[in-house]
Amino acid sequence: MTDHASPQSIRTEAIESLLIEKDLLTADAVDAVITTYTERVGPMNGAKLVARAWTDPDFKARLLTDATSVVEEYQFEGGQVEKLVVRECTALDHHVVVCTLCSCYPWAVLGLPPAWYKDPAYRSRIVSEPRQVLAEMGLNLSESTQINVWDSSAEIRYLVLPKRPEGSEALSEAELAEMVTRDAMIGVAQVHLP
Amino acid sequence: MTDHLFLLDGETAPPMANGEIIFEAPWQSRVFGMAQSLSQTGHYQWDEFRAYLIEDIKDWEQQHSAEERGHYPYFDLFLESLTRLLNDKSMVARAEIQSRTSAFAERPHGHDHVHDQGNGHSH
């Protein structure tokens with residue numbers, strides 16, 4: 001991290017304050033752009049994998065057995081996916097990813113980790129009481145669904161293949177990819193029809 | 001939503017990793033967000049901004065040897081491009097930006113920054 005008080009940081013702040021005073025810009029609009037880039041552009045790589053797995057059984061089989069080589073073929077930029085493992089959610093099995101030690105995360109397919117992923121509370125509680133934590137995050141799973149928690153490390157990164165939503169049979173691969181969220185690929189949400 | 005997502009490519013592409021733009025400090029994401037937001041709200045066409053950025057990148061490359069170019073300060077140039085464009089469009093004069101910057105720089109140490117959401121890579 002660059003020092004907050006770097007000349008560029010101060011000049012940026014000055015420009016933003018002037019633009020806001022002149023009613024040319026709002027801080028919220030700037031936040032929205034940043035959110036789009038950090039939460040949509042990166043995770044779209046993972047979403048493409050998920051949508052293809054939903055529509056192409058052979059691809060799905062390969063993704064579940066050897067995600068690392070599948071991702072290599074896609075040539076997403078950057079590192080951090082030396083070893084990627086994909087876990088498939090079913091009615092009986094749910095998967096959720098954490099990094100208990102720090103914040104290991106498959107950047108290449110999910111972009112930047114969300115702030116809560118690094119939060120000590122998430123990192124410890126998702127292991128000790130996953131059902132409760134998921135419920136707090138808005139994901140209520142049936143008691144009959146087993147929850148599997150996967151601990152990312154420097155060596156292995158996990159990606160969750162969420163359940164394909166019911167009623168999505170008519171959608172194209174691209175339309176499906178649009179629905180897949182970052183949170184669903186971490187395993188703290190499900191994919192819903194829009 | 002995707003229409004404006006990939007407007008920076010080729011010579012104006014920002015530093016990327018994993019399909020993600022690398023912001024090394026919060027100000028970098030702020031200046032990026034401002035430039036995009038102003039174009040989305042019609043204050044200028046994105047191509048106008050892009051032309052300024054291309055110019056600043058070319059200037060920088062001409063002033064630096066090939067060895068020095070490994071780590072070119074993309075967002076420093078981005079900030080300069082936005083400053084020039086705002087000035088040329090009479091949106092915010094360069095002099096105004098300079099005096100506000102000086103005023104902010106003189107704030108007491110430990111000033112609490114408003115925009116502090118970090119998005120540096122933690123690894």
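Here the structure is a predicted model, which is why all the values come from computation and not from measurement.

## Brief notes about the confidence of the model for chain B
Residues and elements named next belong to chain B.
- Here chain B shows a mean pLDDT of 78. Residues at 70 or above account for 68%.
- Within chain B, helix α4 (residues 94-105) carries the highest mean pLDDT (96), whereas strand β1 (residues 16-17) carries the lowest (59).
- Ignoring residues within four places in sequence, the model shows residues 113-123, a span with pLDDT below 50, making 16 contacts including any to other chains.
- This complex was scored by the predictor with a pTM of 0.58 and an ipTM of 0.81.

## Here's the deal with the packing of helix α2 (residues 46-63) of chain B against helix α3 (residues 74-88) of chain B
Residue and element names in this part refer to chain B.
- Closest axis-to-axis distance for the α2/α3 pair is 9 Å, and the angle between their directions is 130 degrees. Considering their axes alone, α2 and α3 lie oblique with respect to each other. Considering how the two elements wind past one another, α2 and α3 form a crossing that is right-handed. Listed contacts from α3 to Glu48, Phe49, Tyr52, Leu53, Asp56, Ile57 and Trp60 of α2 are Leu77, Phe78, Glu80, Ser81, Arg84 and Leu85.

## Notes on helix α1 (residues 7-21) of chain A
- Spanning 15 residues, α1(A) covers 21 Å between terminal C-alpha atoms, matching the ideal 21 Å at 1.5 Å per step.
- Among the 15 residues of α1(A), eleven are classified as buried, and the element is accordingly described as predominantly covered.
- All of the buried residues along α1(A) are A:Gln8, A:Ser9, A:Ile10, A:Arg11, A:Thr12, A:Glu13, A:Ala14, A:Ile15, A:Glu16, A:Leu18 and A:Leu19.
- Where α1(A) is buried, its residues contact α1 (26-40), α3 and α4 of chain B.
- Following α1(A) by one or two positions, A:Asp23 adopts a phi angle in the positive range, close to 60 degrees.

## Some thoughts on unusual backbone geometry
- The phi dihedral of A:Asp23 falls on the positive side, at around 60 degrees, and the residue is not glycine.
- When you line up the elements, A:Asp23 lands in the loop between α1 and α2 (27-41).
- Given 7 C-beta atoms within 10 Å, A:Asp23 falls into the exposed group.
- You will see that B:Ser90, though not glycine, has its phi angle at about 55 degrees, which is positive.
- Tracing the chain through its elements places B:Ser90 in the loop between α3 and α4.

## A look at the nonpolar core
- Within the largest apolar cluster, 37 residues are counted, with the highest numbers of intra-cluster contacts made by A:Val50, A:Leu159, A:Val160, A:Val180 and A:Met185.
- Here this core takes seven residues from helix α3 (residues 43-55) of chain A, the largest share from any one element.
- In this structure, A:Ala14, A:Tyr37, B:Val92 and B:Ile97 belong to the second largest nonpolar core, which totals 31 residues.

Cut-offs and rules
- Residues numbered from 1 in each chain as written.
- Chains lettered and ligands numbered in written order.
- Predicted model: local features only at pLDDT ≥ 70, side-chain atom pairs only at ≥ 80, totals over all residues.
- pLDDT = per-residue confidence, 0-100.
- Helix = DSSP H or I, 4+ residues; strand = E, 2+ residues; numbered from the N terminus.
- Contact = placed C-beta atoms within 7 Å.
- Axes fitted to C-alpha atoms, helices over the stretch in contact; angles between N-to-C directions.
- Parallel < 35°, antiparallel > 145°, perpendicular 65-115°, else oblique.
- Left-handed = near helix turned anticlockwise from the far one by under 90°.
- Expected span 1.5 Å × (residues − 1).
- Buried ≥ 20, exposed ≤ 12 C-beta atoms within 10 Å, placed from the backbone.
- Core = buried A, V, L, I, M, F, W, Y, C linked by C-beta atoms within 7 Å.

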